[in-house]
Amino acid sequence: MHPSEVLFQGKRQPLLLPACDHYAGSEKLMRKSMALQQELGPVFDITFDCEDGAVAGSEAAHATLVASLVNSSDNRFNRIGVRLHDTGSPHFANDVATIVGSAAERLAYVVLPKVESADEVIRAIDLINEHAVKAGRNDLPVHVLIETHCALREAYDIAALPQVECLSFGIMDFVSAHYGAVPASAMRTPGQFTHPLVVRAKLEMVAACHAHGKVASHNVTTDIKDSAVVANDAQRAGAEFGFTRMWSIHPDQIKPILKAFTPRLSEVNEATNILTEAMAAQWGPIAQHGRLHDRASYRYYWTVLQRAKLAGLALPEAAAAIVNLTDSN
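Participant: Is there a simple way to explain the overall build of the protein in this structure?
Facilitator: Summing up its helical and strand segments, the protein has 14 helices and 10 strands in all. The C-alpha atoms of the protein give 20 Å as radius of gyration, which agrees with the globular expectation for 329 residues (20 Å, within 12%). Projected onto its principal axes, the C-alpha positions of the protein cover 65 × 45 × 40 Å. Partitioning the intrachain contacts of the protein with sequence separation of at least 6 by distance along the chain shows that 72% fall at a separation of at least 24. Surface summary for the protein: the accessible area is close to 14,700 Å², and the carbon and sulfur share equals 53%. Of the side chains in the protein, 29 bear a positive and 36 a negative charge, and the two mean positions are spaced by 4 Å.

Written out as structure tokens, the structure reads:
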């Protein structure tokens, strides 16, 4: 049997996305981001911003620009998404018509900010699909920002929607929604990892994602001058909270985020050895270094190799053979 059939037994495999989601809202920054992606490869995603990160007052022209850049030859890997205006904005429908209507085939995903409910997401997806299908694209992936009390309450239902592939935590809007009851220090480290209300929100959103095999994306690090801060945030977000992806708002943040979320070579070697023995045992239980492994742990180590490949890590020959085998189905 194929490894994915053995390990997941007909269940949907968990989604994997590049670990870094880089946001850019001005034409200069969007073009700079595309150039960097061409240099580094599709190891990080770019999200063109039509909402908070874009200049107000020229929304229609901005949407047209975004569509043209997504459709351009500079979008070499088709790993560029777009954050639309929120569904209550007068600009939302035009964003969808202009961007999805003309660039659906080249878009990696669209992002819905400030949602309040799963029903709101469903209605937005209906409109997105209406334009995407006309443009030749079915099931355009949708990412949803969890940054309101109501969205957090329905995070499980939102993550369950088939077309939703990622939930992102919007920490600044979430903290602001408490109107001073949560201090501003909770928007950054160490408060963002210790304040009980913020910790609860992150954990509930991450749990909803993993329950449905979706990707949990961590919020921005607002300190754009000290790469050590973003590296620490990314490491804690992954190791302590279960996030597998994180926003970047400055080019200097991309590499520290990627490094933090990329499996270490020792982890890759361990996964390779375990999975090699597992295949030789026809995926039955094995003992390695005095520890029992079976299909429950095999799924973990399979994901380690997939994440390493997605991050552009040069895999050892044996690891590459396993990954290529699982990809060949």
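Participant: Where do I start with the pairing of strand β3 (residues 80-83) in this structure?
Facilitator: For a regular strand, side chains alternate in direction, first toward one face of the sheet and then toward the other. Of the two faces of β3, the one carrying I80 and V82 and the one carrying G81 and R83 are both buried. Summarising the sheet, strand β2 (residues 44-49) and β3 pair through 4 bridges and their orientation is parallel. Within β3, the position partnered with D49 by the bridge is R83. Note on the crossover from β2 through helix α3 (residues 59-70) to β3: the handedness is right-handed.

Participant: Whenever I open this one, the pattern of salt bridges confuses me. Can you help?
Facilitator: Oppositely charged side chains can form a pair if their charged atoms are brought close together. With the rule as written, the count across this model stands at 11 salt bridges. For R245, the salt bridge goes to D45, with nearest N and O atoms at 2.9 Å. Highlighted residues: R245 in strand β8 (residues 245-248) and D45 in strand β2, separated in sequence by 200 residues. We note that R245, like D45, is buried.

Participant: Where do I start with the pairing of strand β1 (residues 20-24) in this structure?
Facilitator: Within β1, 5 of the 5 residues are buried, which leaves the element mostly enclosed by the surrounding structure. Burial of β1 is two-sided: the residues C20, H22 and A24 facing one way and the residues D21 and Y23 facing the other way are all buried. Chirality of the crossover, the property in question, places the unit of β1, helix α2 (residues 27-40) and β2 among those that are right-handed. Pairing between β1 and β8: 3 bridges, direction parallel. Each bridged residue has a counterpart across the sheet, and for H22 the counterpart in β8 is S248.

Participant: Where do I start with the packing of α2 against α3 in this structure?
Facilitator: The packing of two helices is summarised by the inter-axis angle and the distance between the axes. The geometry of α2 relative to α3 is characterised by a closest axis approach of 11 Å and an angle of 15° between their N-to-C directions. Regarding the angle of α2 to α3, the classification is roughly parallel. Two packed elements cross with a definite hand, and for α2 against α3 that hand is right-handed. Here E27, M30, R31 and M34 of α2 come into contact with α3, specifically with H62, L65, V66 and L69. For the contact of α2 with α3, the residue count by class is 5 nonpolar, 1 polar and 2 charged.

Participant: Is there a simple way to explain the layout of surface pockets in this structure?
Facilitator: To find the voids left in a structure, one rolls a probe of water-molecule size over its atoms. Taken as a whole, the largest pocket holds about 680 Å³ of empty space. Considering the residues around the largest pocket, the lining is formed by 23 residues, among which G238, F243, T244, Y300 and R307 are closest to the centre. Of all the secondary-structure elements, those providing two or more residues to the lining of the largest pocket are α10 (227-241), α11 (251-261) and α13 (295-310). Broken down by class, the residue content of the lining of the largest pocket amounts to 11 nonpolar, 8 polar and 4 charged. Secondary-structure elements contributing two or more residues to the lining of the second largest pocket are β1, α2 and α8 (171-176). Per-class residue counts for the lining of the second largest pocket are 11 nonpolar, 8 polar and 6 charged.

Participant: Before we go on, may I ask you to explain the nonpolar core in this structure?
Facilitator: The tendency in soluble globular proteins is for nonpolar side chains to be buried as a group. Within the largest apolar cluster, 72 residues are counted, with the highest numbers of intra-cluster contacts made by F48 and L167. If one sorts the elements of this core by residue count, helix α9 (residues 196-211) sits on top with 7 residues. A271, Y298, W302 and L305 belong to the second-largest nonpolar core, a separate cluster that totals 19 residues.

Participant: Would you mind going over unusual backbone geometry with me for this structure?
Facilitator: Comment: phi is negative for the bulk of residues other than glycine, and the bulk of peptide bonds are trans. The peptide bond linking T189 to P190 adopts the cis configuration, its omega dihedral lying at 5°. Here K114, not a glycine, exhibits a phi torsion of approximately 55°, which is positive. With respect to the element layout, K114 can be found in the loop between β4 (110-112) and α5 (118-134). The backbone of W283 sits at a positive phi, close to 70°, despite the residue not being glycine. Positionally, W283 belongs in the loop between α12 (265-280) and β9 (286-288).

The rules behind each value
- Numbering of residues starts from 1 in every chain and runs along the sequence as written.
- Local features are withheld for residues below a pLDDT of 70 in this predicted model, meaning they are given only at 70 or higher, and side-chain atom pairs are given and counted only at 80 or more; totals for whole chains, interfaces and linings count all residues.
- Excluding hydrogens and water, the side-chain figures rest on all heavy atoms present in the structure.
- The secondary structure listing takes helices from DSSP runs of H or I that are at least 4 residues long and strands from runs of E that are at least 2 residues long, numbered from the N terminus.
- This radius of gyration counts C-alpha atoms alone. The globule rule is 2.2 Å times how many residues there are, raised to the power 0.38.
- Throughout, a contact is declared for two residues whenever any of their heavy atoms are within 4.5 Å.
- Areas reported here follow the Shrake-Rupley algorithm with a probe of radius 1.4 Å; residue values treat only the protein chains shown as occluding.
- For the purpose of counting charges, residues Lys and Arg are taken to be positive, whereas Asp and Glu are taken to be negative. His and the chain ends are not included.
- Just so you know, the charge point we use is NZ for Lys, CZ for Arg, CG for Asp and CD for Glu.
- In this scheme, a residue with accessible area under 20% of its type's maximum is buried, one over 50% is exposed, and one in between is partly exposed, where area comes from a 1.4 Å probe on protein chains only.
- Any two strands between which DSSP finds at least two bridges are classified as paired.
- Here, the term right-handed applies to a crossover whose path from the first strand over the helix to the second runs clockwise when the strands point away from the viewer.
- We count a salt bridge whenever a side-chain nitrogen from Lys or Arg sits within 4 Å of a carboxyl oxygen from Asp or Glu.
- Only the stretch in contact is used when a helix axis is fitted, and all axes are lines through C-alpha atoms; the angle between N-to-C directions ranges over 0 to 180 degrees.
- Note on terminology: angles under 35 degrees are roughly parallel, angles over 145 are roughly antiparallel, angles of 65 to 115 are roughly perpendicular, and the others are oblique.
- For any pair of crossing helices, the crossing counts as left-handed if the nearer helix is rotated counterclockwise from the farther one by less than a right angle, and right-handed if it is rotated clockwise.
- Throughout this entry, Asp, Glu, Lys and Arg are counted as charged residues, while Ala, Val, Leu, Ile, Met, Phe, Trp, Tyr, Cys and Pro are counted as nonpolar. The remaining residues, Gly among them, count as polar.
- Detection works on a 1 Å grid of protein atoms alone, calling trapped sets that fit a 1.4 Å probe cavities and calling open sets with protein on both sides within 12 Å along at least five of seven lines pockets, with lining residues defined by an atom within 4 Å of a point.
- Grid points are joined across faces, edges and corners, and a volume is the space filled by probe spheres set on the points.
- The definition of a nonpolar core used throughout is a set of buried Ala, Val, Leu, Ile, Met, Phe, Trp, Tyr and Cys residues joined through side-chain atoms within 4.5 Å.

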